[in-house]
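The chain contents come next:
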Amino acid sequence: MQRLIEGLHQFQSQVFGSQRELFERLAKGQAPETLFITCADSRIDPCLLTQSAPGDLFILRNAGNLVPAYGAVRGGEAATIEFAIAGLGVKDIIVCGHSHCGAMRGLLDPPPTNMFPALNEWLSHAETTRRIMQDKYADRTGADRLNVAIQENVLAQLENLRTHPVVASAIAQDKLRLHGWVYKIETGEVFVYDPATRQFGLAPTPTDLIAWERRERVSVDV
């Protein structure tokens, strides 16, 4: 706590003043273009990862970057998604998993229910991921098994997103795009899902982005 209090005073005395105009503008409202859904893991900082400023990202975090299917639970996830699209008009949603994910490790090897009852119940929203791993990747072990689960979970949560009426409607009107990312903590690399190849690959460079988005849109339309 001492370090956090020191950081707070440093922000107020050194950072805020140099960006006062930005914060005064943000006090009047927000207009982020992206909803960033990621894990609660302390090793992930969406703004640092994307070099975004305050006001750029609308962020939703929970254990395992899960998106319960619409109607499965009345919780903050559905409300946040609804407000991001219908209230703020975000144009993109990113579901970002990460290497060494404890939630996915818990999904594959559940912790004792008597110690983690809420966590085990929450991970039921990744049941699709668990079933895919059981039926399709039974031969995988160790780190390879976990890495596959992390990727498959991102794809499963993208499908859950599509069950939300506000998401389905925005996609149908070509007002919203969905993206799947996996962040590798130890190298800083980000792998992006390409619907055309149905594979995760290194994020495209800025110069390649236009061609990438065009290919992605065609793949979704097909």
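Residues numbered from 1 in each chain as written. Predicted model: local features only at pLDDT ≥ 70, side-chain atom pairs only at ≥ 80, totals over all residues. Heavy atoms only, no water.

Draft legend 1. Representation of the side chain of Glu152 within the structure. Tracing the sequence through the fold places Glu152 in helix H8 (residues 142-162). Buried charge Glu152 goes without a salt bridge, the closest partner of opposite sign being Lys136 at 4.6 Å. Engagement of the side chain of Glu152 in a polar contact is seen with the side chain of Tyr137, the distance being 2.8 Å. Here Glu152 is in contact with Thr129, Ile132, Met133 and Tyr137, once residues within four sequence places are set aside. (Helix = DSSP H or I, 4+ residues; strand = E, 2+ residues; numbered from the N terminus. Buried < 20%, exposed > 50% of the residue type's maximum accessible area, 1.4 Å probe, protein only. Lys, Arg positive; Asp, Glu negative; His and termini not counted. Salt bridge = Lys/Arg side-chain N within 4 Å of Asp/Glu carboxyl O. Polar contact = N/O pair within 3.5 Å; in protein donor to acceptor, adjacent residues only side chain to side chain. Contact = heavy atoms within 4.5 Å.)

Draft legend 2. Representation of the pattern of salt bridges. Tallying each qualifying case throughout the model produces eight salt bridges. Residues Arg43 and Asp41 are paired through a salt bridge, measuring 2.7 Å at the closest nitrogen-oxygen approach. The shortest N-O distance in the salt bridge between Glu159 and Arg162 comes to 3.7 Å. Here the residue Glu159 and the residue Arg162 both occupy positions in helix H8, the gap between them amounting to three residues, near one helical turn. Judged by relative accessible area, which is 34%, Arg162 ranks as partly exposed.

Draft legend 3. How the structure looks around a nonpolar patch on the surface. Residues Met1, Leu4, Ile5, Leu8, Phe11 and Val15 make up a contiguous nonpolar surface patch of about 560 Å² in total accessible area. Structurally, the position occupied by Ile5 is in helix H1 (residues 2-15). Its relative accessible area of 37% is what places Ile5 among the partly exposed residues. (Patch = residues over 30% accessible without salt bridge, like charges linked within 9 Å, V, L, I, M, F, W, Y side chains within 5 Å. Areas by Shrake-Rupley, 256 points an atom, 1.4 Å probe, with all protein chains shown as cover.)

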